[in-house]
Amino acid sequence: MSVLLLTHRACLAHDPGPYHPECPDRLRAVLAALDAEEFADLVRDEAPRATREQLMLIHPARHIDAILGITPEPDERVALDADTLMSPGSAEAALRAAGAGVAAVDAVLAGGIRRAFCAVRPPGHHCEPSQPMGFCLFSNAAIAARHAQVAHGVARVAVVDFDVHHGNGTQACFEADPSLLYISSHQWPLYPGTGAVSETGVGNIVNGTLPGGANGAAFRALWERDLLPALDAFAPGLVIVSAGFDAHARDPLAQLRVLEEDFAWLTTEICVIAERHCQGHVVSLLEGGYDLDALATSAAAHVRALRDA
Ligand SMILES: [Zn+2]
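Each residue is numbered by its place in its chain's sequence as written, counting from 1. Per-residue local features of the predicted model are confined to residues with pLDDT of at least 70, and side-chain atom pairs are confined, for both listing and counting, to 80 or more; whole-chain, interface and lining totals are unaffected and use all residues. Side-chain calculation: all heavy atoms of the structure are included, whereas hydrogens and water are not.

Caption draft 1: Just the packing of aromatic side chains, in detail. Here the aromatic set is Phe, Tyr and Trp, taking the six-membered ring for Trp, and pairing holds for ring centres within 6.5 Å; pairs whose planes are under 30 degrees apart are stacked, those over 60 apart are edge-to-face, and all others are tilted. Within this structure, the stated rule accounts for six aromatic pairs. Ring plane angle 80 degrees and centroid distance 5.8 Å describe the contact between F135 and Y290, whose orientation is recorded as edge-to-face. With F135 in the loop between β5 (115-118) and α5 (140-152) and Y290 in the loop between β10 (282-286) and α9 (292-308), this residue pair connects regions lying 155 residues apart in the sequence. Think of it in three bands: residues with accessible area under 20% of the maximum for their type are buried, residues over 50% are exposed, and the middle band is partly exposed, with areas taken using a 1.4 Å probe on protein chains only. Accessibility expressed as a relative area gives 14% for F135, which makes it buried. Secondary structure elements follow DSSP: runs of H or I of four or more residues count as helices, runs of E of two or more count as strands, with numbering from the N terminus.

Caption draft 2: Local environment of the UniProt feature "domain: Histone deacetylase" (unreviewed entry) in the protein chain. UniProt positions are given in the numbering used here, feature names are shortened, and annotations may be inferred rather than shown by experiment. The feature "domain: Histone deacetylase" (unreviewed entry), as given by UniProt, occupies residues 20-306 in the numbering adopted here. Within residues 20-306, the helical portion is 40% and the strand portion 15%, while the C-alpha atoms at the span's ends are 30 Å from each other.

Caption draft 3: Looking closely at the coordination of the zinc ion. Metal donors: N, O and S atoms at distances within 2.8 Å, or within 3.2 Å for Na, K and Ca, with water omitted from the atom set so that some sites may seem incomplete. Donor atoms from the polypeptide that coordinate the zinc ion comprise D163 (OD), D163 (OD), H165 (ND1) and D246 (OD), at 2.0 to 2.8 Å from the metal. Under this scheme a four-donor centre is tetrahedral when all angles range from 85 to 135 degrees, a four-donor centre is square planar and a six-donor centre octahedral when opposite donors are above 155 degrees with the rest from 65 to 115, and any other centre is irregular. Every donor counted, the four donor atoms about the zinc ion form angles of 52 to 153 degrees at the centre, which fits irregular coordination. Site description for the zinc ion: donor spacing in sequence, D-x1-H-x80-D. Separated by 83 residues along the polypeptide, D163 in the loop between β6 (157-161) and α6 (168-174) and D246 in the loop between β9 (238-243) and α8 (260-278) bring together distant segments of the chain. Each of the two residues, D163 as well as D246, counts as buried.

Caption draft 4: Broad picture of α8. Compared with the 27 Å implied by 1.5 Å per residue over 19 residues, the 26 Å span of α8 between its first and last C-alpha is a close match. Listed in full, the buried residues belonging to α8 are E260, D262, F263, A264, W265, L266, T267, I270, C271, I273, A274 and C278. Whether two residues are in contact is decided by their heavy atoms, any of which lying within 4.5 Å being enough. The inward-facing, buried residues of α8 abut β5, β6, α7 (216-234), β9, β10 and α9. Among the residues trailing α8, Q279 stands out with phi positive, at a value near 55 degrees. Here, expected helix span is obtained from the residue count minus one, scaled by 1.5 Å.

Caption draft 5: Highlighting the packing of helix α4 (residues 90-110) against α5. To obtain each axis, a line is fitted to C-alpha atoms, and for helices this fit is confined to the stretch in contact; angles are then taken between N-to-C directions over 0 to 180 degrees. Running from amino to carboxyl end, α4 crosses α5 at an angle of 40 degrees, the nearest separation of the two axes being 9 Å. Relative to α5, α4 is oriented oblique. Like other packed secondary-structure pairs, α4 and α5 cross with a definite hand, here right-handed. For the pair formed by α4 and α5, the contact residues are A94, A97, A98, G101, V102, V105, D106 and L109 on the first element and N140, I143, A144, H147, A148 and H152 on the second. Here the contact of α4 with α5 is composed, by residue class, of nine nonpolar, four polar and one charged. By the definition adopted for this analysis, an angle is roughly parallel if under 35 degrees, roughly antiparallel if over 145, roughly perpendicular if from 65 to 115, and oblique otherwise. We call a crossing left-handed when the near helix sits turned anticlockwise from the far one by less than a right angle, and right-handed when that turn is clockwise. Residues are sorted three ways: Asp, Glu, Lys and Arg are charged, Ala, Val, Leu, Ile, Met, Phe, Trp, Tyr, Cys and Pro are nonpolar, and all the rest, Gly among them, are polar.

Structure representation (structure tokens):
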């Protein structure tokens, strides 16, 4: 079964600067891996820009205006915080990254294709409704989730986040709304400092923590014991994945020891639950992952599992 691959060259033009880990080469590495012969059957399309109305499903106008109003000169960068910088191409990249998630939801819910992977940057899960942070400018997964509800009438949408960092942004967008479920595994303690197991929203936030050094077996055990049952019990009408690959053993920003086969295992488990509740519909968006080789092989393993599950 084929998978829709959405991306846009504009996502390569977001350049937070030399030595910044969230670099354009990340996306080049992912796209090169997905150019392999075994992925010839992927359905490929360009990510559209998210519209203002779509962004406003999550973000107040002043946040959107602030991001789109930052227009650095060539070679200039504007720092929104110590980690989050905008170059001349950043606003367009952010619009395409958010638009990819929306278009993926539209494609999957239109039928014909059951899964989609959005190879985009900047990532989104740290961006709160009014606060860009952690390399993120718009809350891509949250926008996609709300779009599924508003445009397609999906009653319950789950976001499953296996990035090594807690998605404080997605959690902030969801925590008061029981029709949205947010499930995250992350290293603890680690940036951004949120994501304690005690943070449960209105019963719709499920955080699972792992200590530095935890391996793939511990990662699988956490998902099997605490997190996947919560996804199953929610009976989602659509599953959105915040697919960060920085839990990988070789990632320089964190200390977990997850491997490609663990990401593939979890992807398959998510697809099995999606099969049970929502015709297998899964939309995945790239989040973190900062070792270029590990990112490429992990993203390939994830897409292979999306295709084959
Ligand atoms: Zn991360």
